[in-house]
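Single-letter residue listing:
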Amino acid sequence: MTRLAMMLSAVALLAGCAGRGSDLPLQTASSLGRDRASPVDATYQLGVGDQIALAVYGEADLSRNYAINPAGTIDVPLIGAVKAQGMTIDQLSAQIRQRLSEGYLRNPSVTGSILTYRPFYILGEVNKPGQYPYQTGMTLEAAVALAGGYSYRAQQNQVFIRAESGGGEAKVEASPELAVRPGDTIRVAERFF
């Protein structure tokens, strides 16, 4: 094989490997199916790995912290397993209030709050890829900083985000203020040349 043929086949091989998903169109943050300007709000849906606090007024034995288990439920004394995954904290509180009022407590007052959110993941061309705890107001800039910064091979003008809610991976312009949400998987691609 001639030197020219070897070089051409190497270039073709590199072009074929030039970043999984690179053929995806660049999207705006709002096209990911939710407003990336407000990372977590009252519409936040609970999921496996979230930890919540429930307070039942006047019932110390029922007021405690709960972790949403892999089945997407929490085990509440008296009423047993309660589905939490996919619900907002207000919806979950209302469901527990309803079930407690069905023969256990008269007119219970239940309030809930989120203690810790499920982690997010950052992969690819960062110095320390992996799973990291979500913090309220997390941005792409903060996520990359937690992961030790970009590697020298990182393509810093766009990232790929797969939201936990599904829908596949989306190629997004990498602005520092891009909001990261709990459960997101962020992939920083390798740049070529």
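Cut-off values and rules
Residues numbered from 1 in each chain as written. Predicted model: local features only at pLDDT ≥ 70, side-chain atom pairs only at ≥ 80, totals over all residues. Heavy atoms only, no water. Helix = DSSP H or I, 4+ residues; strand = E, 2+ residues; numbered from the N terminus. Buried < 20%, exposed > 50% of the residue type's maximum accessible area, 1.4 Å probe, protein only. Contact = heavy atoms within 4.5 Å. Pairing = 2+ DSSP bridges. Core = buried A, V, L, I, M, F, W, Y, C linked by side-chain atoms within 4.5 Å. Salt bridge = Lys/Arg side-chain N within 4 Å of Asp/Glu carboxyl O. Axes fitted to C-alpha atoms, helices over the stretch in contact; angles between N-to-C directions.

Draft legend 1. A look at the overall build of the chain. Secondary structure summary: the chain contains 3 helices and 11 strands in total. The secondary structure elements of the chain, listed N-terminal to C-terminal, are α-β-β-β-β-β-α-β-β-β-α-β-β-β. Expressed as a percentage of its 193 residues, the buried residues of the chain come to 38%. In the chain, the share of contacts with a sequence separation of at least 24, taken over all contacts with a separation of at least 6, comes to 56%.

Draft legend 2. Inspection of the pairing of strand β9 (residues 158-162) at higher detail. For β9, the tally of buried residues reaches 4 of 5 residues, placing the bulk of the element in the interior. Across 5 bridges, the pairing between β9 and strand β10 (residues 169-173) is antiparallel. Note on β10: the bridge partner recorded for V159 is V172. Here β9 hands over to β10 after 6 residues, with G166 in that stretch at a positive phi of 100 degrees. The pairing of β9 with strand β11 (residues 185-188) spans 3 bridges and is classified as antiparallel. Residue pairing across strands places I161 opposite I186, the latter belonging to β11.

Draft legend 3. Representation of the nonpolar core in the model. If you look at the biggest cluster of nonpolar residues, it comprises 41 residues, and the most contacted ones within it are I74, L92, I96, F120, I122 and I186. Top contributing element to this core by residue count: helix α2 (residues 89-101), with 4 residues. Leaving out residues up to four positions away in the same chain, I96 has contacts with L54, I74, V76, I79, V82 and V110.

Draft legend 4. Fine view of the environment of Q45. Mapping Q45 onto the fold places it in the loop between β1 (26-27) and β2 (51-56). Q45 sits in the partly exposed class, given a relative accessible area of 46%. In this structure the C-alpha to C-alpha distance between Q45 and S165, which are 120 residues apart in sequence, comes to 9.3 Å.

Draft legend 5. The pattern of salt bridges, seen in detail. Inspection of every chain in the model, using the stated rule, returns 4 salt bridges. Between E190 and R153 there is a salt bridge, with the nearest N and O atoms lying 3.8 Å from each other. Taken as a pair, E190 in the segment after β11 and R153 in the loop between α3 (140-146) and β9 lie far apart in primary sequence, 37 residues in all. Here E169 makes a salt bridge to R187, at a shortest N to O gap of 2.9 Å. Note that E169 is positioned in strand β10 and R187 in strand β11, a separation of 18 residues in sequence. Of the residues examined, R187 reaches a relative accessible area of 11% and is grouped as buried. Connected through shared salt-bridge partners, E125, R153 and E190 make up one network.

Draft legend 6. Local environment of the sheet that holds β2. One open sheet accounts for 3 strands, arranged β3-β2-β6; its pairing is antiparallel. Each edge of the sheet is formed by a strand with only one pairing partner; in this case those strands are β3 (64-67) and β6 (110-116). Strand-to-strand, the axes of this sheet are offset by a mean angle of 30 degrees, without reference to chain direction. As judged from the 6 bridges shared by β2 and β6, these two strands associate in the antiparallel manner. What sits directly across from Q51, in β6, is T116. Sheet contacts for α2: β2 and β6; angle to β6, the most-contacted strand, approximately 140 degrees.

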